[in-house]
Amino acid sequence: MKYVITESQREKKIFKYLDNQDLIQKEYGEYLYFVNSKDDIYAQIKYNPIRGWITISIDLMKEISNFFSLDNNDSLSAIAHWVENKLGAEYTMVDAQSDIVVRYYK
């Protein structure tokens, strides 16, 4: 049986799914990273608030795409909107990257 849901209902489900990932925010230099644990060296999401750029791990993009039956662009857009909602910020660009290394700046 198939169900028809609105775009806003789908977005709410995706937001809840991402909220349940319990991602931790870490700030280094001009970047804010969303990681699975405080000791992770790879991030799920990297956000540059100065430029408004969001980089999303390809694995997370594919996870959302597969789970919610979305294409990759819709998945990136939904995750970017979640970041906007979480941080109360706007983004200007979103892309995907295979390994997002958390940079440690002193």
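What counts, and where the lines are drawn
- Residues numbered from 1 in each chain as written.
- Predicted model: local features only at pLDDT ≥ 70, side-chain atom pairs only at ≥ 80, totals over all residues.
- Heavy atoms only, no water.
- Salt bridge = Lys/Arg side-chain N within 4 Å of Asp/Glu carboxyl O.
- Helix = DSSP H or I, 4+ residues; strand = E, 2+ residues; numbered from the N terminus.
- Buried < 20%, exposed > 50% of the residue type's maximum accessible area, 1.4 Å probe, protein only.
- Polar contact = N/O pair within 3.5 Å; in protein donor to acceptor, adjacent residues only side chain to side chain.
- Contact = heavy atoms within 4.5 Å.
- Core = buried A, V, L, I, M, F, W, Y, C linked by side-chain atoms within 4.5 Å.

*Asks:* So what about the pattern of salt bridges? Which residues, and what values?
*Replies:* Tallying each qualifying case throughout the model produces two salt bridges. In this structure, lysine 86 and aspartate 19 form a salt bridge, with 3.2 Å as the shortest nitrogen-oxygen distance. Here aspartate 19 lies in helix H1 (residues 7-19) and lysine 86 lies in helix H3 (residues 72-87), a separation of 67 residues in the sequence. Residue class for lysine 86 comes out partly exposed when judged on its relative accessible area of 42%. Exposure remark for aspartate 19: the relative accessible area of 36% places this residue in the partly exposed category.

*Asks:* For the side chain of serine 75, give the residues involved together with the corresponding values.
*Replies:* Here serine 75 is to be found in helix H3. Polar side-chain contacts of serine 75 include one of 2.8 Å to the backbone oxygen of methionine 61. Engagement of the side chain of serine 75 in a polar contact is seen with the side chain of serine 65, the distance being 3.5 Å. In contact with serine 75, not counting residues within four places along its chain, are Met61, Ile64, Ser65 and Leu70.

*Asks:* Quick rundown of the nonpolar core? Include the residues and the values.
*Replies:* Counting residues in each nonpolar core, the largest one holds 22 residues, and the members touching the most others are Ile45, Ile64 and Trp82. Tallying contributions element by element places H3 first for this core, with six residues. Those residues in contact with isoleucine 64 that sit more than four places away from it in its chain are Ile14, Tyr17, Leu18, Ser69, Leu70, Ser75 and Ile79. Counting seven residues, the second-largest nonpolar core is a separate cluster that includes Tyr31, Tyr33, Val35 and Ala43.

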